[in-house]
Amino acid sequence: MHSSRLVLGLTVTAFFILYGVGLGAVARGLFRASTWSRGPAVFTQLIQLALAYSFWGSGTRGVGFALAVAAIAVLIGVFRKESTKALAGDSEKDHPVL
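This structure is a prediction, so every number in the text was calculated from the model and none was measured. (Residues numbered from 1 in each chain as written. Predicted model: local features only at pLDDT ≥ 70, side-chain atom pairs only at ≥ 80, totals over all residues. Heavy atoms only, no water.)

A. Region of interest: the overall build of the protein chain. Helix and strand counts for the protein chain stand at four helices and zero strands. Of the regular secondary structure in the protein chain, the N- to C-terminal order runs α-α-α-α. A sequence separation of at least 24 residues applies to 48% of the contacts in the protein chain between residues at least 6 apart. Carbon and sulfur atoms form 70% of the exposed surface of the protein chain, whose accessible area is close to 7,300 Å². (Helix = DSSP H or I, 4+ residues; strand = E, 2+ residues; numbered from the N terminus. Contact = heavy atoms within 4.5 Å. Areas by Shrake-Rupley, 256 points an atom, 1.4 Å probe, with all protein chains shown as cover.)

B. Just helix 1 (residues 3–31), in detail. With 29 residues, helix 1 should cover 42 Å at 1.5 Å per step; its first-to-last C-alpha distance of 42 Å lies within 8% of that length. After helix 1 finishes, the residue Ala33 shows a positive phi value of roughly 60 degrees. (Expected span 1.5 Å × (residues − 1).)

C. Spatial organisation of the environment of Leu23. Mapped onto the secondary structure, Leu23 falls in helix 1. Taking the C-alpha atoms as reference points, Leu23 and Ser37, 14 residues apart in sequence, are found 9.7 Å from one another.

D. Here's a closer look at the packing of aromatic side chains. For the structure on display, the rule yields two aromatic pairs. Plain terms: the ring middles of Phe15 and Phe16 are 5.1 Å apart, the flat faces sit at 75 degrees to each other, and that makes the pair edge-to-face. Taking the centre distance of 6.2 Å and the plane angle of 15 degrees together, the rings of Phe15 and Tyr19 count as stacked. Of this pair, Phe15 and Tyr19 both sit in helix 1, separated by four residues, roughly a single helical turn. An aromatic cluster is built from Phe15, Phe16 and Tyr19, whose rings are joined through pairwise contacts. (Phe/Tyr/Trp six-rings, centres within 6.5 Å; stacked < 30°, edge-to-face > 60°.)

E. Region of the structure containing helix 2 (residues 38–54). Helix length check: helix 2, at 17 residues, gives a terminal C-alpha distance of 25 Å against a target of 24 Å (1.5 Å per residue), a fit within 8%. Taken together, the buried positions of helix 2 are Arg38, Ala41, Val42, Thr44, Gln45, Gln48 and Ala52. Viewed end-on, helix 2 has its buried residues packed into an arc of 160 degrees, placing them on one side of the element. When the buried face of helix 2 is taken as reference, the exposed residues oriented beyond 90 degrees from it are Phe43, Tyr53 and Ser54. (Buried < 20%, exposed > 50% of the residue type's maximum accessible area, 1.4 Å probe, protein only. Arc of directions from axis to C-beta.)

F. The side chain of Ser37, seen in detail. Within the secondary structure, Ser37 sits in the loop between helix 1 and helix 2. Of the residues examined, Ser37 reaches a relative accessible area of 0% and is grouped as buried. Here Ser34 takes part through its backbone oxygen, which lies 2.7 Å from a polar atom of the side chain of Ser37. In this structure, Ser37 is in contact with Val26, Gly29, Leu30 and Leu87, ignoring residues within four places of it in sequence. (Polar contact = N/O pair within 3.5 Å; in protein donor to acceptor, adjacent residues only side chain to side chain.)

G. Seen up close, the environment of Gly39. In this structure, Gly39 sits in helix 2. Separated by 39 residues in sequence, Gly39 and Val78 place their C-alpha atoms 9.8 Å apart.

Rendered as structure tokens:
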């Protein structure tokens, strides 16, 4: 094992841990109907769709399909009328999220 590979592995691990914490914060924001959470949620799902396209190769087509289905389901959920209303940011927010 080379030290350069170890440093690369540690930095990639740290990046994905921080990314996971960020996604958890976005999920919590969506659950609480915070207006700031919609943008990062949509952005993440668009990146996931691009990632799904990259998996659309010969042996990984199933992974790409699963990623695409999950991303589209989340996008549909975020853009539904009820979600749009709950995430609109009005001062009289009395919308149930779930």
